[in-house]
Amino acid sequence: MIEYLNDKGWLNFLKAEFQKEYMISLSEFLDSEEEVIYPRPEEFFAALNLTPLENVKVVILGQDPYHGEGQAHGLSFSVKKGVKIPPSLRNIYKELNGDLGLDIPEHGYLEEWAKQGVLLLNNCLTVRKAQAGSHHKKGWEKFTAKIIDIINEHCENVVFILWGGPAQKKGKNIDETKHLVIKSPHPSPLSSYRGFFGSKPFSQANAYLIEHNREAISWQITN
């Protein structure tokens, strides 16, 4: 799998992980999968390749990749242009509009955020077609926890946006004396009305970045 991770900054810290037993086991599991899995192998580490470690300003932590055909491409919450915008992302856009007054985009492709330093990281990086949670406890959770640890230790003044209980549990060890942690319910239609709407994560993130002499994120997605 390591051949799909191109960013040298991440590789410096993660290369040793690929030699560990859990990652070897994960690789063997993925190779043996007889079902279609998402995203494609060359997109497993898209979030890391698009957002180099030295550029990370914001981390938005998702759970699984989307399991519908044509949806997942390696960035949490994102789908490529031409794919129907999923419900959680629609709610993210609604909050973006309510928070910053930005136009709601006509597509769900979040690459613009990634290229500005928003790490769109899922907890698990693969999923079996049409089977949510099918790659849980195969090793990805340990690998992505390592990514969080690397950012926590080696970066300064990063904003972690943790939506929902699982994301908040994964971020429980983040050092809040050197980073900002923003917590709220998940943007899923099942939980968004419990406090996600009105939580203003985007303006909070930018205010913190500016306060710490970092360039703010341009959250407007262009059509």
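Preceding block: the structure.
Computed from a prediction, not measured in an experiment: that's the story for all the values here. (Residues numbered from 1 in each chain as written. Predicted model: local features only at pLDDT ≥ 70, side-chain atom pairs only at ≥ 80, totals over all residues. Heavy atoms only, no water.)

**Overview of unusual backbone geometry**
Move 1: A cis geometry characterises the amide bond from Tyr 38 onward to Pro 39, with omega recorded as -10°.
Move 2: If you trace the backbone, Pro 39 turns up in the loop between strand E1 (37-38) and helix H3 (46-50).
Move 3: In this model, Phe 77 sits at a positive phi of 70°, which is unusual for a non-glycine residue.
Move 4: Relative to the helices and strands, Phe 77 resides in the loop between strand E2 (58-62) and helix H4 (87-100).
Move 5: Residue classification places Phe 77 among the buried positions, given a relative accessible area of 9%.
Move 6: Phi at Ala 130 takes a positive value of approximately 65°, unusual for a residue other than glycine.
Move 7: Looking at the secondary structure, you find Ala 130 in the loop between strand E4 (127-128) and helix H6 (140-154).
Move 8: Judged by its relative accessible area of 57%, Ala 130 falls in the exposed class. (Helix = DSSP H or I, 4+ residues; strand = E, 2+ residues; numbered from the N terminus. Buried < 20%, exposed > 50% of the residue type's maximum accessible area, 1.4 Å probe, protein only.)

**Concerning the sheet that holds strand E6 (residues 180-184)**
Move 1: Sheet architecture is open: 4 strands sit in the order E3-E2-E5-E6, paired in parallel fashion. Across the chains shown, the open sheet's two edge strands, defined by having one partner strand only, are strand E3 (118-122) and E6. Going from strand to strand, the sheet's axes swing by 20° on average, the running direction of each strand aside.
Move 2: In this sheet, strand E5 (residues 159-163) lies alongside E2 in parallel orientation, the contact comprising 4 bridges. Pairing of Leu 61 across the sheet is with Leu 162, part of E5. (Pairing = 2+ DSSP bridges. Axes fitted to C-alpha atoms, helices over the stretch in contact; angles between N-to-C directions.)

**Concerning the pattern of salt bridges**
Move 1: One pass over the structure, following the stated rule, counts 7 salt bridges.
Move 2: Glu 42 is the partner of Arg 40 in a salt bridge, and the nearest nitrogen-oxygen pair spans 3.3 Å.
Move 3: Here the residues in one salt-bridge network are Arg 40, Glu 42, Glu 43 and Lys 80, joined through shared partners. (Salt bridge = Lys/Arg side-chain N within 4 Å of Asp/Glu carboxyl O.)

**Comments concerning the nonpolar core**
Move 1: Counting 67 residues, the largest nonpolar core has Trp 10, Trp 113, Trp 140, Ile 151 and Trp 219 as its most contacted members.
Move 2: With 6 residues, the single largest contributor to this core is H6.
Move 3: Beyond its immediate stretch of four places on either side in the chain, Trp 219 contacts Val 58, Ile 60, Leu 96, Leu 100, Leu 102, Trp 113, Val 118, Phe 202, Ala 205 and Asn 206. (Core = buried A, V, L, I, M, F, W, Y, C linked by side-chain atoms within 4.5 Å. Contact = heavy atoms within 4.5 Å.)

**A few points about helix H8 (residues 201-211)**
Move 1: Along H8, the residues classified as buried are Pro 201, Phe 202, Ala 205, Asn 206, Tyr 208 and Leu 209. Summarising the axial view, the buried residues of H8 lie within an arc of 160°, below the 170-degree limit, and thus occupy one face. Along H8, the residues that are exposed and aim more than 90 degrees away from the buried face are Ile 210 and Glu 211.
Move 2: Downstream of H8 by a residue or two, Asn 213 has a phi angle that is positive, lying close to 60°. (Arc of directions from axis to C-beta.)

**A closer look at the side chain of His 179**
Move 1: Within the secondary structure, His 179 is located in the loop between helix H7 (165-170) and E6.
Move 2: Within the structure, the side chain of His 179 is placed 3.0 Å from the backbone oxygen of Asn 152, a separation counted as a polar contact.
Move 3: Not counting the four nearest positions on each side in its chain, His 179 is found in contact with Ile 151, Asn 152, Cys 155, Glu 156, Asn 157, Val 158, Phe 160, Ile 174 and Tyr 208. (Polar contact = N/O pair within 3.5 Å; in protein donor to acceptor, adjacent residues only side chain to side chain.)

**Concerning the packing of aromatic side chains**
Move 1: Scanning the entire structure with this criterion turns up 16 aromatic pairs.
Move 2: Aromatic side chains Phe 45 and Trp 140 sit 6.0 Å apart centroid to centroid with 75° between the ring planes, which places their arrangement in the edge-to-face category. Taken together, the residues Phe 45 in the loop between E1 and H3 and Trp 140 in helix H6 connect sequence positions 95 residues apart. Residues Phe 45 and Trp 140 agree in their burial class; the two are buried.
Move 3: Pairing Phe 45 with Phe 143 gives two aromatic rings, centres 5.8 Å apart and planes at 55°, and the pair type is tilted. Placement of Phe 45 in the loop between E1 and H3 and of Phe 143 in helix H6 is noted, with a sequence separation of 98 residues between them. (Phe/Tyr/Trp six-rings, centres within 6.5 Å; stacked < 30°, edge-to-face > 60°.)

**Looking at the pairing of E5**
A regular strand places its side chains on the two faces of the sheet in alternate fashion.
Move 1: By the criterion of burial, E5 is predominantly enclosed, with 5 of the 5 residues buried.
Move 2: Covered by surrounding structure in E5 are Val 159, Ile 161 and Trp 163 together with Phe 160 and Leu 162, the residues of both alternating faces.
Move 3: In this structure, E5 lies alongside E6, joined through 5 bridges in parallel fashion. Paired with Phe 160 across the strands is Val 181, a residue of E6.

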